[in-house]
Amino acid sequence: MSRLRRSGLIGSQKHPVVEEYGRLAPHYDSKWSFYVEATTRETLVRLTLRPGERLLDVGCGTGALLERLSRPSGIQLTGVDPVPEMLEIARRRLPPEVELHTGWAEQLPFDGEQFDVVVSCNAFHYFQEPLAALSEIRRVLAPGGRLVLTDWCDDYFACRICSLYLHLFNRAHVKVYRWQECLNLLQKAGYRDVEVERYKINWLWGLMTATGSLP
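What comes next is a walk through the structure.

Calculation rules
- Residues numbered from 1 in each chain as written.
- Predicted model: local features only at pLDDT ≥ 70, side-chain atom pairs only at ≥ 80, totals over all residues.
- Heavy atoms only, no water.
- Salt bridge = Lys/Arg side-chain N within 4 Å of Asp/Glu carboxyl O.
- Buried < 20%, exposed > 50% of the residue type's maximum accessible area, 1.4 Å probe, protein only.
- Helix = DSSP H or I, 4+ residues; strand = E, 2+ residues; numbered from the N terminus.
- Pairing = 2+ DSSP bridges.
- Polar contact = N/O pair within 3.5 Å; in protein donor to acceptor, adjacent residues only side chain to side chain.
- Contact = heavy atoms within 4.5 Å.

Turning to the pattern of salt bridges, a few remarks are in order. Evaluated as defined, the whole model comprises 15 salt bridges. Between Glu-67 and Arg-71 there is a salt bridge, with its nearest N and O atoms 3.7 Å apart. The exposure class assigned to Arg-71 is exposed, which follows from its relative accessible area of 51%. One salt bridge connects Glu-67 with Arg-93, and the closest N-O pair in it is separated by 2.9 Å. Within this pair, whereas Glu-67 is found in helix α5 (residues 64-69), its partner Arg-93 is found in helix α6 (residues 84-93), the two being separated by 26 residues in sequence. Each of the salt bridges in this network shares a partner with another, and the network as a whole consists of Asp-29, Glu-67, Arg-71 and Arg-93.

As C-alpha cells, this is what we get:
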C-alpha cells in the first residue's frame, strides 16, 4: 500500500491528497491568503540560513515559502510536492533556478545528504507515515543539517475541532499532532537538539514550529 500511496494512486483512483489539492490549486492562495501569509511569515522567523546553503521545501505546494526565500537569492532552493497542479502554479511564480520535483515525503526523490536545511510548512498533518517521512528527511540532510517544521498544533482547541471534522469528512486528512507528540516523533527519528514552539497566529488558530538537527 505504501508504494501505491507514494505514486499518487490507490487502485484506479487518485490519492485523496492529489485529488483534493489538484482541485483546489487554482484558488488555494487567494482562498487561504491569511493562513498562507501567517504560516510562511512565522516559519521564516524561525529559519536561519547561510549563503550557499541547499534548502529543500517538503510539501512546497504553490511555492509561497520558496518565493519568499528567493528574494534575494543566495540559497540553492528545491521543492517537492505530490500534487502536479500545485507545482504548476509554483513553477510560474518562482525563478527558473528553483528546482521542483513531484514526490512524497515518505519517499523523497533525492540521493542522501543532499541538503543543509529541510523545511516543511503546513504539510505534516497530511503525511501518511510521519515517522517514515521524518526518517526520509533525515536521510537527505547532510551532516549537521537542520529541520524546520511548521504545522497545526492539536494543543489548541480550534485545531482539535477542525481535525475531528476533517477526520470525519475529508479523506486527505491524516492527523494533527500535539506538542509532545511532535517532539517525540522527531526524537524517535534521530534528530538532536529538538525544540517545539507553540504560538497563535490570531485569537483562535494555533501553530507549532519544531526544529531539530543532525550530528
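Structure's up, so let's keep going.
Time to look at the pairing of strand β8 (residues 192-200). Note that β8 and strand β9 (residues 206-213) share seven bridges and pair antiparallel. Directly across from Glu-195, in β9, lies its bridge partner Thr-211. Counting the residues in the hairpin turn of β8 and β9 gives five residues.

Take the side chain of Arg-46 next. With respect to the helices and strands, Arg-46 occurs in the loop between α4 (33-45) and β3 (54-58). For Arg-46, a relative accessible area of 19% gives the class buried. Of note is the side chain of Arg-46, whose polar atom sits 2.7 Å from the side chain of Glu-42. At 2.8 Å, the side chain of Arg-46 forms a polar contact with the side chain of Glu-197. Beyond its immediate sequence surroundings of up to four residues, Arg-46 is in contact with Val-148, Glu-197, Tyr-199 and Thr-209.

Turning next to the environment of Leu-131. Turning to its location among the elements, Leu-131 is positioned in helix α7 (residues 130-140). Residue Leu-131 is classed as partly exposed on the basis of its relative accessible area, which comes to 28%. Spatially, the C-alpha atom of Leu-131 lies 6.4 Å from that of Leu-185, the residues being 54 residues apart in sequence. Those residues in contact with Leu-131 that lie beyond four places of it in its chain are Leu-185, Lys-188 and Ala-189.

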